[in-house]
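# Architecture at a glance
Residue-level listing of the chains:
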Amino acid sequence: MDEIENKPFSTPALDSPDLREEIESLRHLLGSILILLVVVSGTLTIFLLREMKNTSAQLEAFRPGATNMIAVYQKQQAPAMDDFINKMKQYGQTHKDFDPILFKWGLKTTSPTLPGAPAASVPPPSNAVPKK
Amino acid sequence: MKNSPLTTILLVLLAISAVLSLVFCWNYIRKSRELRGLQFQVTQINQRSAAINSLMNDVVEYSKKSPNRDIDHLLESFGLTNRPPAK
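The text that follows walks through the structure, step by step, so that each part is easy to find. It should be emphasised that the depicted structure is a prediction, and the values quoted were computed from it without experimental measurement. (Residues numbered from 1 in each chain as written. Chains lettered and ligands numbered in written order. Predicted model: local features only at pLDDT ≥ 70, side-chain atom pairs only at ≥ 80, totals over all residues. Heavy atoms only, no water.)

### Things to note about the pattern of salt bridges
- Applying the stated rule across the entire model yields seven salt bridges over all chains.
- Across the salt bridge formed by Glu-24 of chain A and Arg-27 of chain A, the nearest N and O atoms sit 3.7 Å from each other. One end of the pair, Glu-24 of chain A, and the other, Arg-27 of chain A, are both in helix H2 (residues 17–94), three residues apart, so they sit about a helical turn from each other.
- We classify Arg-27 of chain A as partly exposed; its relative accessible area is 29%.
- Notably, a salt bridge pairs Lys-104 of chain A with Asp-58 of chain B, separated by 2.8 Å at the nearest N-O pair. Of this pair, Lys-104 of chain A sits in helix H3 (residues 99–104) while Asp-58 of chain B sits in helix H1 (residues 5–65), on two different chains.
- Judged by relative accessible area, which is 31%, Lys-104 of chain A ranks as partly exposed.
- Look at Asp-58 of chain B and you get buried, because its relative accessible area is 19%. (Salt bridge = Lys/Arg side-chain N within 4 Å of Asp/Glu carboxyl O. Helix = DSSP H or I, 4+ residues; strand = E, 2+ residues; numbered from the N terminus. Buried < 20%, exposed > 50% of the residue type's maximum accessible area, 1.4 Å probe, protein only.)

### What to know about the interface of chain B and chain A
- Counting from both sides, the interface comprises 42 residues of chain B and, opposite them, 47 residues of chain A.
- Between chain B and chain A, a total of about 4,200 Å² is buried, with carbon and sulfur atoms accounting for 75% of that surface.
- Taken together, chain B and chain A are joined by three salt bridges.
- In this assembly, chain B and chain A are joined by 13 residue pairs in polar contact (both at pLDDT 80 or more).
- Counting only elements with at least two residues in the side of chain B that touches chain A, the list comes to H1 and helix H2 (69–77) of chain B.
- Examining the composition of the side of chain B that touches chain A, we find that 33 residues originate from one element, H1 of chain B, more than from any other.
- By residue class, the composition of the side of chain B that touches chain A is 24 nonpolar, twelve polar and six charged. (Contact = heavy atoms within 4.5 Å. Buried area = accessible area lost by both parts, 1.4 Å probe. Polar contact = N/O pair within 3.5 Å; in protein donor to acceptor, adjacent residues only side chain to side chain. Nonpolar A, V, L, I, M, F, W, Y, C, P; charged D, E, K, R; others polar.)

### Focus: H2 of chain B
Residues and elements named next belong to chain B.
- Where H2 is concerned, the buried positions are Ile-71, Asp-72, Leu-74 and Leu-75. Looking straight down H2, one finds that the buried residues subtend no more than 160° of arc, so they occupy a single side. H2 presents Arg-69 and His-73 as exposed residues on the side facing more than 90 degrees away from its buried surface.
- The N-terminus of H2 is capped by Asn-68, whose side-chain oxygen sits 3.1 Å from the backbone nitrogen of Asp-70.
- Immediately beyond the C-terminal end of H2, within one or two residues, lies Gly-79, with a positive phi of roughly 75°. (Arc of directions from axis to C-beta.)

### Some details on the packing of H2 of chain A against H1 of chain B
- Direction vectors running N to C along H2 of chain A and H1 of chain B enclose 20°, while the axes themselves pass 3 Å from each other. The angle between the axes of H2 of chain A and H1 of chain B places the two elements in the roughly parallel class. For the crossing formed where H2 of chain A meets H1 of chain B, the hand is left-handed.
- Tallied by class, the residues present in the contact of H2 of chain A with H1 of chain B amount to 39 nonpolar, 17 polar and six charged. (Axes fitted to C-alpha atoms, helices over the stretch in contact; angles between N-to-C directions. Parallel < 35°, antiparallel > 145°, perpendicular 65-115°, else oblique. Left-handed = near helix turned anticlockwise from the far one by under 90°.)

Structure, rendered in structure tokens:
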């Protein structure tokens, strides 16, 4: 009875060959898993590097033209377009026969005052001029 | 407990790879976002230009059907005219 109390079952001897074998086995397993993880992680890293390089090249090719285009649009085209639209709206206020065009392009939303105006049924197109 | 050198090397490699993955992923997301933003703006500009061109065509057609001085003057101020070129 004393012998059993002094040597619990859950504490095997540290120098037991079975335990050493198990530790070696676990060490091999850990090494294998680490190698696998390094391979997977390296593959992901290389993939992300290539994607980043591709996107970077696309951006460098696209950026100068796009920046120039946006600058020209903001400085010259957009004000001219807005001016044109405003002039058309002003013209439409005094010329009711112009309403169909205004309705078509979504520049006028209220119903026409002239009875039987054909444009009232024309829906605005999906690519109507975006309003600022 | 003694660590084997192979395990240490593999752990270091794994850490380096993970950090590089994060850096590349962050850069990729940043550049993709910038590229998409530029593409979106260019598409918007093109669509608006096309719509304005169509509107101008409609106005020119209108001015042909209902000629009057006001619309002619308006079109001329924007460099548009429905008159045939002088011979």
